Amino acid sequence: MKILVTGGAGYIGSVTTQELLNQGHEVTVLDHLKEGHPEAVDKRADFIQGDIADATLLKKTFSKKSFDAVMHFAASCLVPESVSNPSLYYQNNVTAGLCLLEAMRENQIPKIIFSSSCAIYGNPEKMPITEETHRSPTHPYGETKWAFENILKWYSQAYGLKAVSLRYFNAAGATEKLGEVHDPETHLIPNVLKAALGHLPHVEIYGNDYPTPDGTCVRDYIHILDIAQAHILTLKLEQTTAFNLGNGHGYSVKEVIQTTERVCRIKIPTKISPRRWGDPPSLIANSQKIEKELGWRPRYPALEGIITSAWKWLQNHPEGYSTKTQKTEAH
Ligand code: UDP
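The model shown is predicted, which means the values in this text are computed figures rather than measured ones.

Enquirer: Hey, could you run me through the layout of surface pockets in this one?
Expert: Taking a probe equal in size to a water molecule and rolling it over the atoms shows the remaining empty space. A volume near 1,100 Å³ is recorded for the largest pocket. Taken together, 50 residues line the largest pocket, and the ones lying closest to its centre are Val79, Asn170, Thr186, His187 and Arg276. Listing elements by their share of the lining of the largest pocket, those giving two or more residues are α1 (11-22), α3 (79-84), β5 (111-117), α5 (140-159), β7 (170-172), α6 (188-197) and β8 (203-206). Of the residues contributing to the lining of the largest pocket, the split by class is 27 nonpolar, 16 polar and seven charged.

So, in structure tokens, the structure goes:
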């Protein structure tokens, strides 16, 4: 199939691009490279440097090639930044996304696969979380993802667009060539590995007084190759729906640090810091819906394997990708 990947120079977009190409699809990547990395874009893909908010560029892109689907990864994705600057998140994740949808509508692109997030559930009491769990985001990032899912629902009903929202839990891990680099880096596993490498003096543990077994937050970490594979499986769907994507097993911040110490064989210094605003104590997925409907199964569910893949990548790329990325808005 012919697929347009927005944000294909970013972490999950680049891995999905690679996997799509490996499985014989034709891929065009659209990325403005303000945060993404040119080296992360597979050489086999066509590459367009540009913004999903650029209606003229989208028109040109869609008139040149008839795409079967768009995989929409381009978004701002840092929770703390979304709290301090919500305007940026509504602009990049909602307004710019609408621009993309309008261009798709005008050019009759039939399908979109959207990077949604477990952040749409907010702070649910009951674990694991199913797709029916009440949606109640606690920060602008989660709000924008939920807003866009709703836009997709109504566009689907009115215009016949097929839209699949994939609600990722905590994307983690690396492939041989592609890994996680954000600036600033706020995610747990890359920061723990940076501390292991000596690039950070310690890992900050944001709160140890949560109502969880060891007092630190629990998350469901999922390998990016499993996320990529879920995207590819959804291409065969002819309906509008949403799926959770996680392993169904939660690990605390302390367990992630201990596992990393085992993987790296290094004692990692830690510092207990105040809670980070908006962090729910626990987020664990029930992904049975995608397992039943599409036969998706995580191939790399073990936390140790996920961390090992990210550690190998970081050792080979201690400074990240070679070109410096600018600190910016979206990827
Ligand atoms: N976290 C932490 N130290 C860090 C980064 C994250 O203690 O340097 C915690 C964070 O508060 C959350 C968990 O680790 O409870 C996962 O955070 P991350 O940013 O990786 O993903 P999120 O669940 O926020 O999307």
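Enquirer: What am I meant to see in the packing of aromatic side chains here?
Expert: For any two aromatic rings, the description comes down to two numbers: the centre-to-centre distance and the angle of the planes. Inspection of every chain in the model, using the stated rule, returns five aromatic pairs. Residues Phe62 and Phe67 carry aromatic rings whose centres are separated by 5.9 Å and whose planes lie at 80° to one another, so their mutual orientation is edge-to-face. The class of Phe67 is buried, set by a relative accessible area of 5%. With 6.5 Å between their ring centres and 85° between their planes, Tyr89 and Tyr141 make a pair best called edge-to-face. Here Tyr141 lies in helix α5 and Tyr89 lies in helix α4 (residues 86-106), a separation of 52 residues in the sequence. When its relative accessible area of 12% is taken as the criterion, Tyr141 is described as buried. Positioned above the aromatic ring of Tyr210, the side-chain terminus of Arg275 is 4.0 Å from the ring centre. Above the plane of the ring of Phe243 lies Lys289, whose end atom (NZ or CZ) is 4.9 Å from the centre.

Enquirer: What's the story with the packing of α4 against α5 in this structure? I'm lost.
Expert: What describes two packed helices is the angle between their axes and the distance between those same axes. Taken N-terminus to C-terminus, the directions of α4 and α5 make an angle of 20°; their axes are 9 Å apart at the nearest point. Considered as vectors, α4 and α5 are oriented roughly parallel to each other. For the element pair α4 and α5, the recorded crossing hand is right-handed. Between α4, through Pro86, Tyr89, Tyr90, Asn93, Val94, Gly97, Leu98, Leu101, Glu102 and Arg105, and α5, the contact on the second element is made entirely by Pro140, Tyr141, Glu143, Thr144, Lys145, Ala147, Phe148, Ile151, Leu152, Tyr155 and Tyr159. Grouping the constituent residues of the contact of α4 with α5 by class yields 14 nonpolar, three polar and four charged.

Enquirer: Honestly, the side chain of Gln229 in this entry has me stumped. Any pointers?
Expert: Among the secondary structure elements, Gln229 is positioned in helix α7 (residues 224-234). Gln229 gets classed as buried once you look at its relative accessible area, which sits at 18%. Those residues within four positions of Gln229 in sequence are excluded, and the remaining contacts are Gln23, Trp296 and Arg299.

Enquirer: I tried to follow the packing of α6 against helix α8 (residues 253-264) on my own but got confused; where do I start?
Expert: Their axes nearest at 10 Å, the elements α6 and α8 cross at an angle of 45°. Comparing the axis directions of α6 and α8 gives the class oblique. Crossing handedness for the pair α6 and α8: right-handed. Residues Leu188, Ile189, Val192, Leu193 and Ala196 of α6 touch α8, and the partners they reach there are Val253, Val256, Ile257, Thr260 and Cys264.

Calculation notes
- Position numbers for residues start from 1 in each chain and track the written sequence from start to end.
- Only residues with pLDDT of 70 or above have their local features reported here, since the model is predicted, and side-chain atom pairs are shown and tallied only from 80 upward, although totals for entire chains, interfaces and linings are computed over all residues.
- Side-chain numbers come from the whole structure's heavy atoms, not from hydrogens or water.
- In this analysis, the protein atoms alone were mapped onto a 1 Å grid. Cavities are point sets where a 1.4 Å probe fits without being able to get out; pockets are open sets with protein on both sides within 12 Å along at least five of seven lines; lining residues have an atom within 4 Å of a point.
- Grid points are joined across faces, edges and corners, and a volume is the space filled by probe spheres set on the points.
- Every helix listed is a DSSP run of H or I at least four residues long, and every strand listed is a run of E at least two residues long, numbered separately from the N terminus.
- When residue character is reported, Ala, Val, Leu, Ile, Met, Phe, Trp, Tyr, Cys and Pro are called nonpolar, Asp, Glu, Lys and Arg charged, and the others, Gly included, polar.
- Working definition: a ring pair exists when centres of Phe, Tyr or Trp rings (six-membered ring for Trp) sit within 6.5 Å. Plane angles under 30 degrees give stacked, over 60 give edge-to-face, the rest tilted.
- Relative accessibility thresholds used throughout: buried, under 20% of the residue-type maximum; exposed, over 50%; partly exposed, between the two (1.4 Å probe, protein chains only).
- Distance and angle both matter: a charge sits over a ring if NZ of Lys or CZ of Arg is within 6 Å of the ring centre and within 35 degrees of the ring normal.
- Axis geometry follows a simple rule: fit a line to the C-alpha atoms, using only the stretch in contact for helices, then measure angles between N-to-C directions, giving values from 0 to 180 degrees.
- To sort the angles, those under 35 degrees are grouped as roughly parallel, those over 145 as roughly antiparallel, those from 65 to 115 as roughly perpendicular, and the leftovers as oblique.
- Definitions for this section: a left-handed crossing has its near helix turned counterclockwise from the far helix by less than a right angle. A right-handed crossing has that turn clockwise.
- In this analysis, two residues are considered to be in contact whenever any of their non-hydrogen atoms come within 4.5 Å of each other.

Just geometry here; none of it tells us what the structure is for.
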